[in-house]
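Below, each chain spelled out in residue letters.
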Amino acid sequence: MNYKIAIAEDNTFLANALIEKLSFFNETLHYTFRARDGKELIEKLKNNAEIDLILMDIKMPNMNGIEATKYIKKQYPAIKIVMITVFDDDENIFQSIQSGANGYLLKEATAEELHKGVVDVMNGGATMTPSIAMKTLKILQNAEITQYEENNDIKLSKREKEVLEQLSKGYGYQLIAEKLFVSPATIRKHIENIYRKLQVHNKIEAVEKARRHRLL
């Protein structure tokens, strides 16, 4: 396979370095064009969308690589994007993943690492420099811990759980009040508190979220 590669990089020296690395593998990697920022890249894609993969810098004028990636992934979902940057901080990694990037390599990557990364992505993989992969793993682990802590912050009283259980059976306020020997107004107040604690707006959302969080 011969993959058509575009480069988005405002620094001419670094862009030429990438082009040179690609040239070592011109049987499989075909450099097509370069853009100096996200806006120029998008304009060039309008005239030539037959691109397989974009090597995308993050810090560029007019439109940065993360913004450009979000746009391109919506308009040209088949195009793969690998972020090529000197930045390996958590925020850039996280935003790149959120934007839909298929990989994240540092500009210090060798020609062989670049070639392997492109081929891996084109074969359905997600390439990352080892140091970036480790940071990504830590980001995901921290996100899971945060989610776990958020889940465990939901505290329902025994009575609220009883009301929620009755709601899950499809019972209305009046019937729940009769079963629990309280007034409908009391049940309404309990349900308002349940909705507030679960941050939901209706019975279906409340029951589904309670089940996900093992409150039922």
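Refer to the preceding data block for the structure.
Analysis parameters
- Position numbers for residues start from 1 in each chain and track the written sequence from start to end.
- Given that this is a predicted model, residues contribute local features only at a pLDDT of at least 70 and side-chain atom pairs are listed and counted only at 80 or more, while totals for whole chains, interfaces and linings are drawn from all residues.
- Water and hydrogen atoms play no part in the side-chain values, which are based on all heavy atoms of the structure.
- Note on exposure labels: buried denotes an accessible area under 20% of the residue type's maximum, exposed denotes more than 50%, and partly exposed covers the range between, all computed with a 1.4 Å probe on protein chains only.
- The helix count covers DSSP runs of H or I at least four residues long, the strand count covers runs of E at least two residues long, and both are numbered beginning at the N terminus.
- Two strands qualify as a pair provided that DSSP identifies no fewer than 2 bridges between them.
- Here an angle of 0 to 180 degrees is reported between the N-to-C directions of two axes, which are lines fitted to C-alpha atoms, with helices fitted over the stretch in contact.
- Contacts are residue-level and defined by heavy atoms, with any inter-residue pair within 4.5 Å sufficient.
- The rule for a salt bridge is simple: a side-chain nitrogen of Lys or Arg has to be within 4 Å of a carboxyl oxygen of Asp or Glu.
- Small angles under 35 degrees read as roughly parallel and large ones over 145 as roughly antiparallel, with 65 to 115 read as roughly perpendicular and the rest as oblique.
- By convention the crossing between two helices is left-handed if the near helix lies anticlockwise of the far one by an angle smaller than a right angle, and right-handed if it lies clockwise.
- Ten residues, namely Ala, Val, Leu, Ile, Met, Phe, Trp, Tyr, Cys and Pro, are considered nonpolar, four, namely Asp, Glu, Lys and Arg, are considered charged, and the remaining ones, Gly among them, are considered polar.

Peer 1: I tried to follow the pairing of strand β3 (residues 53-56) on my own but got confused; where do I start?
Peer 2: Consecutive side chains along a regular strand alternate between the two faces of the sheet. Residues L53 and L55 of β3 are buried on one face, and the alternating residues I54 and M56, pointing to the opposite face, are buried as well. For strand β1 (residues 3-8) and β3, the ladder comprises four bridges, and the chain directions are parallel. The residue of β3 that forms the bridge with I5 is L53. Where β3 and strand β4 (residues 80-85) come together, four bridges link them in parallel fashion. Bridged to I54 within β4 is I81.

Peer 1: Got a minute to help me understand the sheet that holds β1 in this structure?
Peer 2: Whenever strands of a sheet pair, they do so through backbone hydrogen bonds, lying parallel or antiparallel. Pairing is parallel across the open sheet formed by five strands, whose spatial order is β2-β1-β3-β4-β5. Of all strands in the sheet, those bounded by a partner on one side alone are β2 (29-35) and β5 (103-106). The mean angle between the axes of side-by-side strands here comes to 25 degrees, regardless of whether they run parallel or antiparallel. Here four bridges tie β4 to β5, and the two strands are oriented parallel to one another. Bridge pairing links I84 to L105 in β5. Each of β3 and β4 is contacted by helix α3 (residues 65-75), which is oriented at about 175 degrees to β4, the strand it contacts most.

Peer 1: For this particular structure, what's the right way to read the pattern of salt bridges?
Peer 2: Pairing between side chains becomes possible if they bear opposite charge and their charged atoms approach one another. Under the defined criterion, the tally for this structure stands at eight salt bridges. Here D57 ties to K107 by a salt bridge, and the two come within 3.1 Å at their closest N and O atoms. Placement of D57 in the loop between β3 and α3 and of K107 in the loop between β5 and α5 (111-122) is noted, with a sequence separation of 50 residues between them. Of the charged contacts in the structure, one is a salt bridge between E162 and R159, with a shortest N-O distance of 3.0 Å.

Peer 1: It is not clear to me how the packing of helix α2 (residues 38-47) against α3 should be interpreted in this structure. Could you clarify?
Peer 2: Each pair of packed helices can be described by the angle between their axes along with the distance between the axes. At their nearest, the axes of α2 and α3 sit 9 Å apart, and the two run at 25 degrees to each other. For the element pair α2 / α3, the angle class is roughly parallel. When you trace α2 past α3, the crossing you get is right-handed. Where α2 approaches α3, its residues G38, L41, I42 and L45 are matched on the opposing element by A68, Y71 and I72. Of the residues contributing to the contact of α2 with α3, the split by class is six nonpolar, one polar and no charged.

This is a description of form; function is not addressed.
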